[in-house]
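Residue-level structural notes
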Amino acid sequence: MNIKPYDKTIRDLLGSKRQFLIPRFQREYSWEKKNYREFFEDMMGNLTITDGKISASQYFLGTMLFIGNFTEGTDQVIQVVDGQQRLTTITILFSALSDRFTDLGEKTLSRQIFTYIMTEDDDGNEVRVLKSKTNYPFFAYFIQDKEKSVKQEAITEEERCIKEAYDYFFAQLKPDKLKQILKRKHSTESVDGLSEVDILKALRDQVLNST
């Protein structure tokens, strides 16, 4: 097996127009609240505030392992060997972010971040960026359907984990929660001067720029 290391950001991965397939032999999504809470607070904790502006900083998300080729081949499907818990969590967070932007009337921002969840092939057909054979159809309809047009109830343990992660993120993306986290590191004055949209955009960039 020819293994090649690359430094990639989440933007590089999810914006590559590839589909990341989680094979059936992989374990199901199982992150508990302590896991995705730590991830969320790490992302928020790495945001910087300078001269009244909030921005992302460098962050190493960890090593992931894939079968496929991002740079030299034409592989459209990349198999995820290690990293599916993180990629699934990021997809759930982006779905919650998209919904929060919609609630704030920021339709363009909502649509743009959803391109990291759903993309299109060369024929214009919709493609799920992350595809799992264990959580279909719940993940597809509850997380990857922008309009959530098909009602899905969480039945399995994996589905409950997905829904609980989404509900947690959506609740944390409210202005009072966001500013509460930021005030652990930054002055109250600097945080109170920030708009909710700017904080959400900075959080988006923090995840996308993570390596």
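For the structure itself, look to the data block above.
Residues numbered from 1 in each chain as written. Predicted model: local features only at pLDDT ≥ 70, side-chain atom pairs only at ≥ 80, totals over all residues. Heavy atoms only, no water.

On the surface, Ile-3, Leu-65, Ile-67 and Val-81 cluster together to form a nonpolar patch covering roughly 340 Å² of accessible area. In this fold, Ile-67 is placed in strand S4 (residues 65-67). Take Ile-67: its relative accessible area is 43%, and that puts it in the partly exposed class. (Patch = residues over 30% accessible without salt bridge, like charges linked within 9 Å, V, L, I, M, F, W, Y side chains within 5 Å. Areas by Shrake-Rupley, 256 points an atom, 1.4 Å probe, with all protein chains shown as cover. Salt bridge = Lys/Arg side-chain N within 4 Å of Asp/Glu carboxyl O. Helix = DSSP H or I, 4+ residues; strand = E, 2+ residues; numbered from the N terminus. Buried < 20%, exposed > 50% of the residue type's maximum accessible area, 1.4 Å probe, protein only.)

Turning our eyes to something else, we now look at the packing of aromatic side chains. Overall, the coordinates contain eleven aromatic pairs when judged by the stated rule. Both rings, one in Tyr-36 and one in Tyr-168, keep their centres 5.3 Å apart while their planes meet at 50°; by these two values the pair is tilted. Within this pair, whereas Tyr-36 is found in helix H2 (residues 33-45), its partner Tyr-168 is found in helix H6 (residues 157-172), the two being separated by 132 residues in sequence. On the basis of relative accessibility, which here comes to 10%, the residue Tyr-168 falls in the buried class. Aromatic pair Tyr-166 and Phe-170: ring centres 5.9 Å apart, planes at 15°, arrangement stacked. Residue Tyr-166 and its partner Phe-170 are both found in helix H6; the two are separated by four residues, about one turn of the helix. Against the face of Phe-170 rests Arg-100, its NZ or CZ located 5.7 Å from the ring centre. Its end group placed over the ring of Phe-142, Lys-148 keeps NZ or CZ at 5.8 Å from the ring centre. (Phe/Tyr/Trp six-rings, centres within 6.5 Å; stacked < 30°, edge-to-face > 60°. Lys NZ or Arg CZ within 6 Å of the ring centre and 35° of its normal.)

Another point: a negative patch on the surface. There is a patch of like negative charges on the surface, built from Glu-120, Asp-121, Asp-122, Asp-123 and Glu-126. Within the secondary structure layout, Asp-122 lies in the loop between strand S6 (118-120) and strand S7 (126-128). With relative accessibility at 83%, the residue Asp-122 sits in the exposed group. (Lys, Arg positive; Asp, Glu negative; His and termini not counted. Charge placed at Lys NZ, Arg CZ, Asp CG, Glu CD.)

Further remarks concern unusual backbone geometry. That bond from Tyr-136 to Pro-137 is cis: its omega, 5°, falls within 30 degrees of zero. Tracing the backbone through its elements, the reader meets Pro-137 in the loop between strand S8 (130-132) and helix H5 (138-142). A positive phi is found at Asp-51, a non-glycine position, where the angle reads about 50°. When you line up the elements, Asp-51 lands in the loop between strand S2 (48-50) and strand S3 (53-55). One non-glycine residue with positive phi stands out, namely Lys-148, at about 50°. As for its placement among the helices and strands, Lys-148 is situated in the loop between H5 and H6.

Interpretation note: all reported values are geometric properties and have no functional meaning in isolation.
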